[in-house]
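One letter stands for each residue in the lines below.
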Amino acid sequence: MRRTKGISLLIFCFLSLVIYIPTQAGQHPLLEKTFRQIEEQAEGTEVRWYMFGGWAHVNAWVDTYAADEMKKRYDIELNRVPMDASVFVNKLLNEKAAGKEQGTIDLLWINGENFKNAKEAGLLFGPFAGKLPNSQDYVAPRSVAHDFGYPVDGYEAPWGRAHFVLEYDSAEIASPPQTVVAFKEWIKANPGRFTYPQPPDFTGSAFIRQIFYAVTGGHEQYMQAFDQDLFSRQSPKLWSFLNEIEPWLWQKGQTYPQDSARLDSLFSRGEVAFGMSYHPPHAQNKILEGAYPETVRTFMLEEGSLYNTHYTAIPFNAPNKAGAMLLSNFLLSVEAQLSKYSPQNWGDFPVLDMDRLSPKERNRFQNVNLGPATLRPAELARAAVPEIPAAYLEALEQGWEEHVLR
Amino acid sequence: MKHAFVFGLLVLLFILPVIVLILSSFAPGWRFPEIWPGEFSLKGIEFLALHKEKILTALGSSFVFSLVTVLVTLGMCLLPASVFAGSEFSGKALLEGLLLTPALVPPMTFAMGLHFLFIKFFLADTMPGVVLILAMFSYPYMFRALVAGYQTMGQEYRVCARNLGAGRLRTLLTVELPLLLPAIVAGGSVVFLVAFSEYFLVFLIGGGSVPSFTGYLFPLLSSSNRSLASILTLIFLFLPIFFFLVLDTTLIRVYRKKGII
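All values derive from a computational prediction rather than experimental measurement. Sequence order sets the numbering: in each chain, residues are counted from 1 along the sequence as written. Here the convention is simple: chains get letters from A, ligands get numbers from 1, in the order in which they are written. The predicted nature of this model means local features are confined to residues of pLDDT at least 70 and side-chain atom pairs, given and counted, to a pLDDT of 80 or more, with totals for whole chains, interfaces and linings taken over all residues.

Per the secondary structure count, chain B includes 11 helices and zero strands. Secondary structure elements are defined from DSSP: runs of H or I of at least 4 residues count as helices, runs of E of at least 2 residues count as strands, and each element is numbered from the N terminus. Beginning at the N terminus, the succession of helices and strands in chain B can be written as α-α-α-α-α-α-α-α-α-α-α. Dimensions of chain B along its principal axes, counting C-alpha atoms only, are 75 × 60 × 35 Å. Among the 261 residues that make up chain B, the fraction classed as buried is 33%. Taking as baseline every contact in chain B between residues at least 6 positions apart, the subset at least 24 positions apart corresponds to 75%. Exposure classification rests on a simple neighbour count of other C-beta atoms within 10 Å of a residue's own: a residue reaching 20 or more is buried, one at 12 or fewer is exposed, and one in between is partly exposed. C-beta atoms are placed from the backbone. By definition, residue pairs are in contact when their C-beta atoms, positioned from the backbone, come within 7 Å.

This is how it looks when you write it as structure tokens:
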């Protein structure tokens, strides 16, 4: 898979050069219709949703709950297709370059640098998010104005919120280290018991950003556009931190787990003492699945915990844009967000603004049993720090390969 | 004694991993110090039952495009293989080398460029497109097997049949193909396996519109749900084995009937 990524990146760069097309090209007729008309148009159609397929429980949620509801509400056939975000962005680039006006993808699950790349290459349809009634009613516009520092402009609709947490087994470690410095000491005192997924894995990349904030004095300085000077000055602190712990890591740091799923496996087998996830109820979900012991708990470091929002977007050549908008709107409904929130199903945090809900609805969210392994949303919100702009993210991932991996 | 050692080694290499797979299918929480899983669960099987429709569609689709790929490669290779086996000409070695490159070059290198062409010719995201790209990538295995088959067969049977007045097509159907059957089965098996287990090409050209078992399996393999991954791997493992068993027994029956063995 590594090789695939490298090659697709190369081709991506090449194609981006060839087909840079400005995005603002007049309103699509669909966006001039009312949502009622869009609903009528989409009834009885098929929607093909391309999304990351590596989480069995998320797949199950989409295939059963979401598919059944879409069938019941709109007689829409929901078809999930597993595909990594970087891959479908490449596919769309190829299709755009070949002038394919009728594609196969209706909806994408996307965020971060993939969204930025797709939007800059003119691969997305929109702005549609403002048209969705549930987005108008329940989502605070400011909370979804930027995606990794890149303006969203309604080209993607939010559907979930992620929060970075670390996981440990309370039967083994009574109290986990609370700060980055203490964490470093712990790693050195327990050789071979810690590792992190190799960036550009989503979770591993988040972990190094987390450390980056902690060792360079907080996130505020990075919130503006990318600053090369600042990056050159600050990033060596991160590399020296990561290189300092490297000899004490799992396999002496000679190799890293390829993705978060592999770290999950190591943690579930007890080979390493810490897991990590961008979904706070992930540990609870794994306990319910039977993969983690009941005694696993989650925690955050005092320096804060990253959060971000993930979205759905519609490709420029989606054959069924109306159906995609209905699905995107349904995913933002109170019902869908509640169902997705429960660790039994998935445990993805809601993206709705609790102040905009009726007291009754708010109660239903508060009554979801997150289980003993999950931190309370209020605790998480207190420690929340925003994601870094996408340009820093890419620079950090490249830098990691250069300074830490080699 | 010597056989016992070899047998033991084979069991260790091939059967033991399968046993581990079967065990982990039912024990998602099998952890390090335990030699035997502490608890068993049927969650993986439940997931399977819940998604049987999708899995079966994917399996069926994979099976169909792999079989069609075998037929297409056979069609592609019959004539060139007979020429290669039966004649000498300058530059033959070079040409043979060139013909084998698709099996040596990583498919990604040419698939990306071909994807663009396939979109232009409306082949992308269709079953014929998938078959075509798989055939393009896997025909060398069929080609090699057929060249060997033609060489073993020799020219004499064909010459004889033609002398007796059989047309080209008739010679091919009633004389050459039956004699080439072992070579076709050998080459076809490899082509089938390559096509059946190919992930990237099917994924790229099929674009998710052509379901495939690898497309279903791979994302779950990298997930941390080991029990599910084990179950699907077992299916992946046993389906071709089952297919070859069926093929083998039918072939033997056919040979017996014809009195070849």
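Once the structure has been displayed, the description carries forward.
Counting its secondary structure elements, chain A contains 16 helices and 11 strands. Seen through its C-alpha atoms, chain A measures out along the principal axes to roughly 65 × 50 × 35 Å. The buried share of chain A, taken over its 406 residues, is 50%. Across chain A, the fraction of contacts at a sequence separation of at least 24, relative to all contacts at a separation of at least 6, is 84%.

The assigned domain composition of chain B is domain 1 (1–41) and domain 2 (52–258). The source of the domain bounds is an automatic or database domain assignment. Spacing between the C-alpha centres of domain 1 of chain B and domain 2 of chain B amounts to 33 Å.

Residues and elements named next belong to chain B. What pLDDT reports is the predictor's confidence in each residue, on a scale of 0 through 100. Considering every residue of chain B, the mean pLDDT works out to 87; 97% of them sit at 70 or more. Between the elements of chain B, mean pLDDT differs from a low of 81, seen in helix H2 (residues 43–50), to a high of 93, seen in helix H6 (residues 127–153). The ipTM value of the predicted complex is 0.72, and its pTM value is 0.80.

What follows concerns helix H4 (residues 92–104) of chain B. Residue and element names in this part refer to chain B. Along its 13 residues, H4 runs 18 Å from first to last C-alpha, staying within 8% of the 18 Å computed at 1.5 Å per residue. The reported bend at a residue is simply the angle between two axes, fitted to the 7 residues ending at it and to the 7 residues beginning with it. Along its length, H4 reaches its greatest deviation from straightness, about 25°, at Leu98, and the proline Pro102 lies no more than four positions downstream. Across the 13 residues of H4, zero count as buried, placing the element largely on the outside. In this analysis, the expected span of each helix is defined as 1.5 Å times one less than the number of residues it contains.

Now for the sheet that holds strand S9 (residues 296–299) of chain A. All names here are of chain A. Any two strands between which DSSP finds at least two bridges are classified as paired. Spatially, three strands are ordered S8-S7-S9 in an open sheet, and the strand pairing comes out antiparallel. Sheet topology places strand S8 (274–277) and S9 at the edges, where each strand pairs with a single neighbour. Ignoring strand direction, the axes of neighbouring strands in this sheet form an average angle of 30°. In the sheet, strand S7 (residues 165–169) pairs with S9 via four bridges, with the strands oriented antiparallel. Counted as the bridge partner of Leu166 is Phe299 from S9. For helices, the fitted axis covers only the stretch in contact; all axes are lines through C-alpha atoms, and the angles between them, taken along N-to-C directions, range from 0 to 180 degrees. Against the sheet, helix H10 (residues 260–268) engages S7 and S8, with an angle of about 150° to S8. Set on the sheet, helix H11 (residues 282–289) makes contact with S7, S8 and S9; between it and S9 the angle comes to about 170°.

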